[in-house]
Amino acid sequence: MKYFVILILIAKTVTHLSAQSDQSLFNNHSGHHDWAYSGQYGPDHWAELDPEYRDCNGDLQSPIDLVHAVCQAKKVDIQFHYHPFFVDLINNGHTLIEKVVEPKALELDGETYTLLQFHFHTPSEHHVDHKKYPMEIHFVHQNQAGDYAVIAVLVEYGIRANPFLAHFMKSLPTHVHEERRSHEKADPMEALPRNNHKFFYYKGSLTTPPCSQNVSWVVMEKPVQATEIQIAQIHNILYDDNRPIQDSHNRVVYLADY
Ligand SMILES: [Zn+2]
């Protein structure tokens, strides 16, 4: 089995998380089956690997292709309350070593969410108008009821270095089980596009087992840029860690504006 590597960046702030939720986001050590992005443990088989992964065959799965032509316009209230923090980079496919959170980091559609963690997918998981991007950043949040909100930022190739990524490019942990701390503070706001009040909004799932179908997806309409070198450095660690596009089953996708 190809060794699955995930790069998790954890906010080093405030309080420790007690919920089991983000543990299940990266599973293993939780007694659940290993999974991968290809082969016999790949996405086509996730639902059969473990009874807890049943949702992976559900009707509200992510990612999906986001198509402007069939989106509905909607006003959705969104407020970001992020703060800069030192980032611990953990290169670990099997355990989430530390769980640290930033409470009340996000208000979305009347709900308040805590920021749990963020991580990368190379290439992107969501497509826009049938087009994929070289990278996608996920900021994973959770509310008190246990439901998730994920802010997704698509990244395209550009000439100028991405300022958010620049904070920790020199401290990327290239080996599994390696953890490295950045020496500069990073602010999630730096990762968002300038117009961060226009986004695709739909109900979907976690894109990794257990594929729980309680996720409000906010995919920024406009991509941000990063250099080819920045994206390649991350891809060299992660390989391809993108779940294939899922059937939308005629779900309503909103193009939201605040
Ligand atoms: Zn993700």
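Residues numbered from 1 in each chain as written. Predicted model: local features only at pLDDT ≥ 70, side-chain atom pairs only at ≥ 80, totals over all residues. Heavy atoms only, no water.

1. Digging into the confidence of the model for the protein chain
- With 85% of its residues at a pLDDT of 70 or more, the protein chain has an overall mean of 85.
- When the criterion is pLDDT under 50, residues 1-7 qualifies, and its contacts beyond four places in sequence or with other chains add up to 33 contacts.
- The model gives residues 94-99 a pLDDT under 50, and that stretch makes 26 contacts with residues more than four places away or in other chains. (pLDDT = per-residue confidence, 0-100. Contact = heavy atoms within 4.5 Å.)

2. Topic: the state of the cysteines
- Tallying each qualifying case throughout the model produces 1 disulfide.
- Cysteine 56 shares a disulfide with cysteine 211; S-S distance 2.1 Å. Because the torsion about its S-S bond is 85°, the bridge between cysteine 56 and cysteine 211 counts as right-handed. Placement of cysteine 56 in the loop between helix H2 (46-49) and strand S3 (65-66) and of cysteine 211 in the loop between strand S13 (198-204) and strand S14 (215-220) is noted, with a sequence separation of 155 residues between them. With respect to class, cysteine 56 is no different from cysteine 211; both count as buried. (Disulfide = S-S within 2.5 Å. Helix = DSSP H or I, 4+ residues; strand = E, 2+ residues; numbered from the N terminus. Buried < 20%, exposed > 50% of the residue type's maximum accessible area, 1.4 Å probe, protein only.)

3. So, the pairing of S13
- Taken across its 7 residues, S13 has 5 buried, putting it largely inside the fold.
- With 4 bridges connecting them, S13 and strand S16 (residues 254-257) associate as antiparallel partners. Along S16, the bridge assignment pairs tyrosine 201 with tyrosine 254.
- Pairing of S13 with S14 involves 6 bridges; the strand directions are antiparallel. Directly across from lysine 203, in S14, lies its bridge partner serine 216. (Pairing = 2+ DSSP bridges.)

4. Structural notes on the side chain of histidine 167
- For histidine 167, the position within the fold is in the loop between helix H3 (163-166) and strand S12 (178-186).
- With a relative accessible area of 16%, histidine 167 lands in the buried category.
- Polar side-chain contacts of histidine 167 include one of 3.4 Å to the backbone oxygen of lysine 185.
- Within the local environment of histidine 167, its side chain forms a polar contact with the side chain of glutamate 190, the two groups lying 3.0 Å apart.
- The contacts of histidine 167, once residues within four sequence positions are left out, are Ser182, Glu184, Lys185, Ala186 and Glu190. (Polar contact = N/O pair within 3.5 Å; in protein donor to acceptor, adjacent residues only side chain to side chain.)

5. Quick notes on helix H4 (residues 228-238)
- Those residues of H4 that fall on the buried side of the exposure criterion are Gln230, Ile231, Ile234, Ile237 and Leu238. Down the axis of H4, the sector holding all buried residues measures 125°, keeping them to one side. Turned more than 90 degrees off the buried face of H4, the exposed positions are Glu228, Ile229 and Asn236.
- One or two positions beyond H4, positive phi appears at tyrosine 239, with a value near 60°. (Arc of directions from axis to C-beta.)

6. With respect to the pairing of S14
- Of all the 6 residues making up S14, 6 are buried; the element is thus mostly covered by neighbouring parts of the structure.
- Where strand S11 (residues 148-157) lies against S14, 5 bridges are found, and the strand directions are parallel. Across the sheet, the residue bridging to isoleucine 151 is valine 218, located in S14.

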